[in-house]
Protein chains: 2
Amino acid sequence: MTMAKRDTYTPESLLAVAVTVFNERGYDGTSMEHLSKAAGISKSSIYHHVKGKEELLRLAISRALDGLFAVLDEPRAVSGRAIERLEYVTRRTVEVLMDELPYVTLLLRVRGNTDTERWAMERRREFDHQVAELLKRAAADGDLRPDVDVRLATRLLFGMINSVVEWYRPERGGATSEEVADAVVRTAFAGLRTAG
Amino acid sequence: MTMAKRDTYTPESLLAVAVTVFNERGYDGTSMEHLSKAAGISKSSIYHHVKGKEELLRLAISRALDGLFAVLDEPRAVSGRAIERLEYVTRRTVEVLMDELPYVTLLLRVRGNTDTERWAMERRREFDHQVAELLKRAAADGDLRPDVDVRLATRLLFGMINSVVEWYRPERGGATSEEVADAVVRTAFAGLRTAG
């Protein structure tokens, strides 16, 4: 029997604990027991907040997805030339990823064993699809190099964006989120090499 | 008691089975029992080939690392202008990753709980470091855009390269390994956007 602390959790603070545990152990490898230990409150206290671990997963994934999809509705994402919208969406996606690091990390790692995980993957594909549509329009406008394959380019763009979760650790200092977002946009669209 | 098949494994074919299981279950989550079931031979037959699962991990990781480090010794990687060497190394790294997909996938996923995993991470850092040195020389030659931060650029370059393991599935058709390698080199060095 572990000494439980008084349950002063808000939905947000309990979610933050759960996401940390999910990212450390994997969602599949996390039990209610692990969550209870990490939070320092009993399982029944957790059940007072949520129906179970799948609801915590859904809440966490929703937070990441809401942040990402909100980018697509921002003024600079919906009007203007497609290439400018695409660069804006890339920059903001990197910023959301860094602002909501544990939540987006969880989203990128889920693998589809439960309804919630399959829904997360489906929504993530939908986001990627909307960005791919912007790439297609930019190509039609003649703003992408003609040798660019849109499908491959979408994958490489997200490869670069999503890799940020592997090494960005705000607590360690280093590059600011603005510098990282700048570097991703410049590398993806202008390339590393001196022009000409 | 499971019916064991006759042990006709070579070191290579046993390794291929082990790597598949490591990638599916994670190295930590794999027991000798899992390996025995997947291979269809008894645990003692496996011990006839190797000392244990850590030796299988070391052999698999060595195969990935040998492929990657060999690239750095190829003629076009050691002579010529740094930017050309860098582009060549990028192309060949993508090719090795695709040719040795399960082995490099395992290398990219290990996390450092055993000596072998820590050695793998150390060697991987050494490889990244050598590529970063090429980036530095290319910058000194004036061949990288002056606003490029070498450390950040190295991370984004590997982010793009390594993301290929997430979606490249040769059995599904799609882009050839040459097309993928071309796309990575062009995206990273020339960017997606039409020049000028």
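Residues numbered from 1 in each chain as written. Chains lettered and ligands numbered in written order. Predicted model: local features only at pLDDT ≥ 70, side-chain atom pairs only at ≥ 80, totals over all residues. Heavy atoms only, no water.

Focus on the domain arrangement of chain A
All names here are of chain A. Assigned domains of chain A: these are domain 1 (11-54) and domain 2 (60-190). Both faces considered, domain 1 and domain 2 share a buried interface measuring about 860 Å² in area, 55% of it formed by carbon and sulfur atoms. Contact with domain 2 buries surface across domain 1, with Val19, Asn23 and Glu54 losing the most and accounting together for 54% of the total. Taken together, the links from domain 1 to domain 2 amount to zero salt bridges. Our count for the contact surface shared by domain 1 and domain 2 stands at five residue pairs in polar contact (both at pLDDT 80 or more). Split into classes, the residues belonging to the side of domain 1 that touches domain 2 amount to five nonpolar, one polar and two charged. (Domains from an automatic or database assignment. Buried area = accessible area lost by both parts, 1.4 Å probe. Salt bridge = Lys/Arg side-chain N within 4 Å of Asp/Glu carboxyl O. Polar contact = N/O pair within 3.5 Å; in protein donor to acceptor, adjacent residues only side chain to side chain. Nonpolar A, V, L, I, M, F, W, Y, C, P; charged D, E, K, R; others polar.)

Overview of the relation of the copies chain A and chain B
Screw-axis analysis of chain A against chain B gives a translation of 0.0 Å along the axis, an RMSD of 0.0 Å, and a rotation angle of 180°. In the structure described here, the two chain copies are related by an operation that fits a two-fold rotation axis. Across chain A, the rotation axis passes nearest the C-alpha of Gly191 of chain A, at a separation of 1.8 Å. (Least-squares fit on C-alpha atoms with pLDDT ≥ 70 in both.)

Quick word on the packing of helix H4 (residues 53-72) of chain A against helix H7 (residues 101-109) of chain A
Residues and elements named next belong to chain A. The geometry of H4 relative to H7 is characterised by a closest axis approach of 8 Å and an angle of 105° between their N-to-C directions. Judged by the inter-axis angle, H4 sits roughly perpendicular to H7. Seen from H4, the contacting residues are Leu57, Ala60, Ile61, Arg63, Ala64, Leu65 and Leu68; seen from H7, they are Tyr103, Val104, Leu106 and Leu107. Looking at the contact of H4 with H7 residue by residue, the class counts come to ten nonpolar, no polar and one charged. (Axes fitted to C-alpha atoms, helices over the stretch in contact; angles between N-to-C directions. Helix = DSSP H or I, 4+ residues; strand = E, 2+ residues; numbered from the N terminus. Parallel < 35°, antiparallel > 145°, perpendicular 65-115°, else oblique. Contact = heavy atoms within 4.5 Å.)

Observations regarding the interface of chain A and chain B
When the parts of a complex come together, some accessible area is lost, and that lost area is often taken as the interface size. Listed as interface residues are 35 residues of chain A and, on the opposing side, 35 residues of chain B. For the pair chain A and chain B, the summed buried area comes to about 3,200 Å², and 59% of that belongs to carbon and sulfur atoms. It is Leu156, Leu192 and Arg193 of chain A that lose the most area in chain A upon contact with chain B, and together they represent 26% of the buried surface on that side. Here chain A and chain B share eight salt bridges between them. Arg186 of chain A is the partner of Asp147 of chain B in a salt bridge, and the nearest nitrogen-oxygen pair spans 3.3 Å. At the junction of chain A and chain B, the tally comes to 24 residue pairs in polar contact (both at pLDDT 80 or more). For the side of chain A that touches chain B, the secondary-structure elements that each account for two or more residues are helix H6 (82-99), helix H9 (150-167) and helix H10 (177-190) of chain A. At ten residues, the largest contribution of residues to the side of chain A that touches chain B is made by H9 of chain A.

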